Amino acid sequence: MILRRLVVNNVRPYRGTAAVEFATDPASNVTLLHGVNGAGKTSLFLALNWVLYGSEVVKYSGHLINESALNSVPIGEAVTGSVSLEFEHDGEQFYASRGVSASRASDGDVAEKYTQLELFRIDHSGNTKSEQFAQRKISQMLPPAIRTFFFFDGDKIAEFTRPGNEQDKEITRAVNEVLQLDLLNRAESHLSQLAKAFKKAVAEHGDVKLKDLEARMERLQDIKTDLVNRRELVQTELTAVEKERDEIDERFQNIEAVAAKALQREQLEGRVKAELNEINRIKRELMAASVRGFSLPAKSALERAEDILDEKRKRNQIPSDYKDTFLRDLLESEKCICERPLEAGSSAFEHIERLLQQVVPNSIQNRALVLHSEISRLVKEQPRHQIAILGLLKRLEEALKALDEVQHEKEQIDAELAGHAAIDIGLLQQRRKALESERDSHQFDLVRVGNQLEQNNDAFERMEREFREESARQKGLAVLAGRARLASDAEKEFESIRERLVSDLKGELSEEATRIFKSFTWKDDFFKRIEVGEHYLLKLFDVGGHNLRSVMSMGETQLLSLAFILSMTEISDHVAPLVIDTPLARLDRTVRINLVRALPNLTRQLVLLCTDSEMSLEVKSEIAPRVGKEYLLTFEDGISTIQEGAF
Amino acid sequence: MPRKVMQRVFEMIDEQNRVDPNIMKGILKVEQAYLAQSSTGALGEIESLISKAIGSAK
């Protein structure tokens, strides 16, 4: 089935007519419908399901009719809505349509009536011919039981392969229905009934010996049925035991994982301590450097002081050309160094007095010189201190950042470990041992029942030969005996073919599902294979051989479901569109990209109903080359509209 | 049964060849036709297929 055009009229949020043309070209086979939550995507998804399968199959809440259209007519008056779908199947064109009529009673209750499905075949000239048994025809094209494997809610698909007995039954049901393996069971059952009826007829027409043989064969047949049932039961119990044992093994793995996390937390605690020590050390160094570089805040004052002292030196004020003691000695001795007298009040005496006033005392001069040298040193050392302090501040910043990261990592592990209650490993080991013993017992039972079945079959065949020979001796019974033999042989042949087919299909499903799953996930090196086991029990193994099914994330479970469904459709030849509502919500960026890259190649036609947040620019650019049709759904004033174009 | 799977079954019938492949395939086609219609008439048609293959009972 290939979808061509869907038209909705007065259905759900769509007032009046709105249409979607689907992309049909294999090279650009993707139809993208996107819009915000509540824009009308799920309503289109519902309309598609409803037109094909009707309200008996498609479950929804509320009314189908558009509320606004209903409100536009007086109470008690009916308003109609419809959904029609044009599609192609096996090279032929079809048109399907279904209608709804609704009215509101005075008490506010809404009553809806639905029309039967109408299906028309359209020939090459465009002429239409109504199809009888329209619903049966649709069911032959895409059986309702397998509809949900082609039209599904991406958000809910994870339920399909989530571990649990009900889900495992769901997988078995899916395989039987998509691949229709029940057909072989039906053939076997019918042939068994016929063989029994033919033998009964032979016995009725034959003598006592034949009747006796027939009765004994019937008993053997009953024993066979009991043994087959017993084998099935033992096999089911064995599978359950193995499953529980696998779950215990997975819990052991979890325990190992928890222990590893605890160790990691311990190491992180060590790192937190080390980082704190480092921070304290840097702070101490910083304090010492601040003391050494105390002059940094007074940088400009020191430079000014140095300038002043430099100036004084340049003016020969420090040290001055004259020592104060020398001048005082001259004045006291009242004699020049040339021995001429220096009389008080003389101009020479007064000159020396003036000089003495200008001259700074020696002790102050010496201090000023020392101060000048000290200030110069401080000014020279300032850049070094500055570099040292800046370096320490940078180291402190880095250490604080590292501490923050380590603490964040530790908090995450704390949160992960918080959910793990203490597990009694001893009890688990005890239960595992008991399960191993049960498994051995079931396996022994299986062999025993198998041997009994073989012996029973041998006895049955011997008796059957005897029956044939005896009936052949009796006139008129040969034909009936021949029919009984043919029915019996055909039954065995189908049994053998079914066993071969199931075994082959499991292998192929495993291989195909593994290939598809790996194309979706970014951890393709981590996941090794998907295995379809007894009763189609799904297992996903990592490279270490651990079964991961019970520890998978929701996104991974969603991918496993999708991979398994696609592997079934790949193995069968169902040509059906894959219509996914909300396909990417639970997936992270890389997986979304992988998925939109892989999906168009895994199906003939792909219809994606996404929210804008699912379809980021990056994801969209990945799928863009395969998009044949694109629509934006918007919801305004209570009405949804569909707008075609690239958005 | 999907065509691809049915084809595999037919190949197995031809390979095993223990019972006339035409009868085996005929039985399957009958089953498929009736299964598609959810009808229970397959037993009678298979009986007549086998009767035809073995000949008249009288």
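Each remark here, short or long, concerns the structure printed above.
Thresholds, definitions, all that
- Residues numbered from 1 in each chain as written.
- Chains lettered and ligands numbered in written order.
- Predicted model: local features only at pLDDT ≥ 70, side-chain atom pairs only at ≥ 80, totals over all residues.
- Heavy atoms only, no water.
- Helix = DSSP H or I, 4+ residues; strand = E, 2+ residues; numbered from the N terminus.
- Buried < 20%, exposed > 50% of the residue type's maximum accessible area, 1.4 Å probe, protein only.
- Contact = heavy atoms within 4.5 Å.
- Areas by Shrake-Rupley, 256 points an atom, 1.4 Å probe, with all protein chains shown as cover.
- Expected span 1.5 Å × (residues − 1).
- Bend = angle between axes of the 7 residues up to and from the residue.
- Buried area = accessible area lost by both parts, 1.4 Å probe.
- Salt bridge = Lys/Arg side-chain N within 4 Å of Asp/Glu carboxyl O.
- Polar contact = N/O pair within 3.5 Å; in protein donor to acceptor, adjacent residues only side chain to side chain.
- Nonpolar A, V, L, I, M, F, W, Y, C, P; charged D, E, K, R; others polar.

K.L.:
Just to check I follow, could you spell out the overall build of chain A for this structure?
P.N.:
Regarding its fold elements, chain A presents 16 helices and 15 strands. When each of the 647 residues of chain A is scored for burial, the buried share is 44%. Sequence-distant contacts, at least 24 apart, represent 72% of the contacts inside chain A between residues at least 6 apart. Carbon together with sulfur atoms contributes 51% to the accessible area of chain A, which is approximately 33,500 Å² in total.

K.L.:
What exactly am I supposed to notice about helix 1 (residues 41-57) of chain A here?
P.N.:
Working note: α-helix, 3.6 residues per turn, so residues spaced by three or four point in the same direction. All names here are of chain A. Taking 1.5 Å as the rise per residue, helix 1 with 17 residues should run 24 Å; its terminal C-alpha atoms sit only 20 Å apart, a clear shortfall. The axis of helix 1 is deflected most strongly, by about 85°, at Val51. Burial of helix 1 is extensive: 13 of the 17 residues sit out of reach of the surface.

K.L.:
Is there a simple way to explain the interface of chain B and chain A in this structure?
P.N.:
It is common to report an interface's size as the accessible area lost on association of the parts. At the interface, 37 residues of chain B touch 38 residues of chain A. In total, chain B and chain A occlude about 3,500 Å² of area from one another, counting both sides; carbon and sulfur atoms represent 66% of this. For chain B, the biggest contributors to the area lost against chain A are B:Met1, B:Arg8 and B:Met12; these three give 16% of the whole. Across the chain B-chain A interface, the total number found is 6 salt bridges. In this structure, B:Arg3 engages A:Asp90 in a salt bridge whose closest nitrogen and oxygen atoms are separated by 3.5 Å. On the surface where chain B and chain A come into contact, there are 10 residue pairs in polar contact (both at pLDDT 80 or more). Ranked by residues supplied to the side of chain B that touches chain A, first place goes to helix 1 (residues 3-16) of chain B with 10 residues. Looking at side-chain class alone, the side of chain B that touches chain A contains 22 nonpolar, 8 polar and 7 charged residues.

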